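# Structural overview for review
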Amino acid sequence: MINFLLFPILITFFTGMILIFFQKNIYLQRTISLISLGVATICALFVMLKVQRDGIQSVTFGDWPAPYGITMVADGVSTLLVLTSLLLTFFITWYSFGSIGKEREHFFYYPGVMFILTGVNGAFTTGDIFNMFVFFEVLLMSSYLLIVLGGEKKQLRESIQYILVNIISSALFVITVAYLYSIIGTLSMADIAMKITAINQPGIITTIAVLFLMVFGLKAAIFPLYFWLPSSYAAPPIPVLALFGALLTKVGVYAIMRTYTLFFVHDIAFTHQMLLIFAVLTIIAGCIGALAHFDVKQIIIYNIVIAVGVILFGVAQMNFDGLEGAMFYLVHDMIIKAALFMLVGIIVYITGTSDLRKMGGLMRKYPSLGWFYLIAAFGLAGIPPLSGFVGKLLIVQGGFAAGNTWSSIFILASSLIVLLSVIRIFLYAFWGEEGQTVQIQEKTYKQLYYPTVILVVISIAYGVGSEWVTPFMDSAARVLTNPSIYIEAVMKGAQP
Amino acid sequence: MEIVMAFVCGFLFMAAIYLILSRSLLRIIIGTGLLSHGAHLLILTMGGLGGTAPPVLAEGVSDFADPIPQALILTAIVISFGVTAFILVLAYRAYQELKTDDTTAMKGSGIDD
């Protein structure tokens, strides 16, 4: 029993509510959001250290004993993701000062960010499958607000598609939970895992596993279900895009990771093989998209799809190396995607276009931006010692250990395509003849530049200092490979 | 009774999918409403119908209704109410801005190239 793990969720939630009252005072809104994000990040850090020292922490609401009450669980996986998402949002919020525009700031942009973070962190922390649905809805509702905020024609058109896809996937989520409840008769995730083990996963549970993959796959954008992502994500302004790209699909990935390591672990030959095939197809689809476009936003957006595939490939191996690699890569991808979107955003603000063919020669005026972009691009592709390397190495090691030699080699080859797709931006935008530029104020440029650079530096530190991160990743991977740790901790920790 | 409910759910889903696949935005929204109704009814059915007494602890009552599906449905209804309200406003706003409620007419040209 420890209430402290709720702080990262509650702080953002209450800040969001307070901010609504200061609708007209932008400077107050900015200050309050940055301070509360900083405090929440520190709280998340303490929770993570506590979990690392004392094992999994959990709290069950209303003092009900474990399977009956709604449990919130902080384990190695969830605390890492909560910390990363808070840290990223801190920088993205800072970045929005110079880029989101006064109109949006007046109309509840910051409360939207706070509520989306509440939903994301809640979904990471919850230990109850229906509660996860509720937190998904919290984050979706705020994402509806953020995607349509501004009311441009393109935003209105794309947000209708986005909302429809998500309504349908939410309905499917409810239906799937209903199926699961009719067979298992419980909603607590630890209890579900125990009961599925007790009945040794008959075929109907495997069917439900496939349904869960569909539900979460729609959010995570895996192969046949990613069609909505590129056009919807391109509609909102850059800070919102960075927030979505870094956090939203990752919630879906986390949910797949959680259900496929905790619930559906008795028929790996079918479920995880299927996951592996979808992961590879996702990477192929993402690679094609990333090479096909000349729009900088689209290139990075398709790189989200590729990364989802790589992480799920790690999950599909279902061994220690693969899962640790998946965790490494998940955190890396959240950081580097936010950084890349912010860098690309600066390029778009400087040139006034997102079309690569109209850009060029930025290296002369903005050399440091160019070099930081290059570092981030190398990090994304996983060139050692930058941050993508360790994750991919472990994932591929896991792949070889599980006997999936060819698909592991394929993952390595896909890194080259990733590198090519992001280097293309570097070549077109920074080299060559000077292209189109628009005048932007020095102050605005600095407001965009500093948070981005710090984030890139964090990603370098994450790669170079992966030695220090490894103990946390180890404990996350232990929970994922050995569900009984999670189940025992939840069942024991929640006794009154 | 479960069979009847299953048919009702199926019918609701059928109508919902038919409406969602149409072009008019308003029909699509009604479709999503029907979809969530179908899902809610499915939760109720999946929890198991039956039980003669309310789920309150009392002497000698063993055959009581399952309260959890009802709690789930209540939550899901509130959420779908909020989402429907949002998408209705959005559809109206989109109609004002784009001057059409036909989804094919809304689709502009491609994003780039």
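Remember, it's a predicted structure, so these values are computed and weren't measured experimentally.

## What about the pairing of strand β2 (residues 71-74) of chain A?
Residues and elements named next belong to chain A. Burial along β2 is two-sided: Thr71 and Val73 and Met72 and Ala74, pointing in opposite directions, are all buried. Looking at chain direction, strand β1 (residues 57-60) and β2 are connected through four bridges and run antiparallel. The residue bridging Ser58 from the neighbouring strand is Val73, located in β2.

## Concerning the interface of chain A and chain B
With 36 residues of chain A in contact, the opposing surface of chain B contributes 32 residues. Both faces combined, the contact of chain A with chain B buries some 3,100 Å², and carbon together with sulfur accounts for 80% of it. Per-residue buried area on chain A facing chain B is highest for A:Arg157, A:Ile160 and A:Tyr181; these three make up 20% of the total on that side. Our enumeration of links across chain A and chain B arrives at zero salt bridges. Put simply, chain A and chain B have one residue pair in polar contact (both at pLDDT 80 or more) between them. Of all the elements in the fold, those that place two or more residues in the side of chain A that touches chain B are α6 (129-148) and α7 (153-184) of chain A. Of the residues contributing to the side of chain A that touches chain B, the split by class is 22 nonpolar, seven polar and seven charged.

## Looking at the environment of A:Gly399
All names here are of chain A. Structurally, Gly399 is set in helix α17 (residues 387-401). On the basis of relative accessibility, which here comes to 0%, the residue Gly399 falls in the buried class. Separated by 372 residues in the primary sequence, Gly399 and Tyr27 have C-alpha atoms spaced 50 Å apart. In this view, Gly399 contacts Phe313, Gln317, Asn404 and Ser408; residues no more than four positions away in its chain are not counted.

## Some points on the confidence of the model for chain A
When pLDDT is averaged along chain A, the result is 92; 99% of the residues meet or exceed 70. Here helix α21 (residues 483-493) of chain A is the element of chain A with the lowest mean pLDDT, 86, and helix α5 (residues 109-125) of chain A is the one with the highest, 95.

## What to know about the packing of aromatic side chains
All names here are of chain A. A full pass over the atoms with the stated rule returns 35 aromatic pairs over all chains. With a centroid separation of 6.2 Å and an interplanar angle of 70°, the aromatic rings of Phe97 and Tyr110 are classed as edge-to-face. Of this pair, Phe97 sits in helix α3 (residues 76-99) while Tyr110 sits in helix α5; the two residues are 13 residues apart in sequence, bridging distant segments of the chain. Of the two residues, Phe97 and Tyr110, neither departs from the other in class, the shared state being buried. A centroid spacing of 5.8 Å and a plane angle of 80° characterise the contact between Phe294 and Tyr428, whose relative ring orientation is edge-to-face. Of this pair, Phe294 sits in the loop between α12 (268-292) and α13 (296-317) while Tyr428 sits in helix α18 (residues 405-430), and the two are 134 residues apart along the sequence. By relative accessible area, which is 33% here, Tyr428 ends up partly exposed. Here the aromatic cluster, defined as three or more aromatic residues joined through ring pairs, consists of Phe130, Phe133, Phe136, Phe173, Phe212, Phe216, Tyr260, Phe263 and Phe264. One residue, Arg424, lies across the ring of Phe294, its end atom 5.0 Å from the ring centre.

Here is what the cut-offs are and how they apply
Residues numbered from 1 in each chain as written. Chains lettered and ligands numbered in written order. Predicted model: local features only at pLDDT ≥ 70, side-chain atom pairs only at ≥ 80, totals over all residues. Heavy atoms only, no water. Buried < 20%, exposed > 50% of the residue type's maximum accessible area, 1.4 Å probe, protein only. Helix = DSSP H or I, 4+ residues; strand = E, 2+ residues; numbered from the N terminus. Pairing = 2+ DSSP bridges. Contact = heavy atoms within 4.5 Å. Buried area = accessible area lost by both parts, 1.4 Å probe. Salt bridge = Lys/Arg side-chain N within 4 Å of Asp/Glu carboxyl O. Polar contact = N/O pair within 3.5 Å; in protein donor to acceptor, adjacent residues only side chain to side chain. Nonpolar A, V, L, I, M, F, W, Y, C, P; charged D, E, K, R; others polar. pLDDT = per-residue confidence, 0-100. Phe/Tyr/Trp six-rings, centres within 6.5 Å; stacked < 30°, edge-to-face > 60°. Lys NZ or Arg CZ within 6 Å of the ring centre and 35° of its normal.

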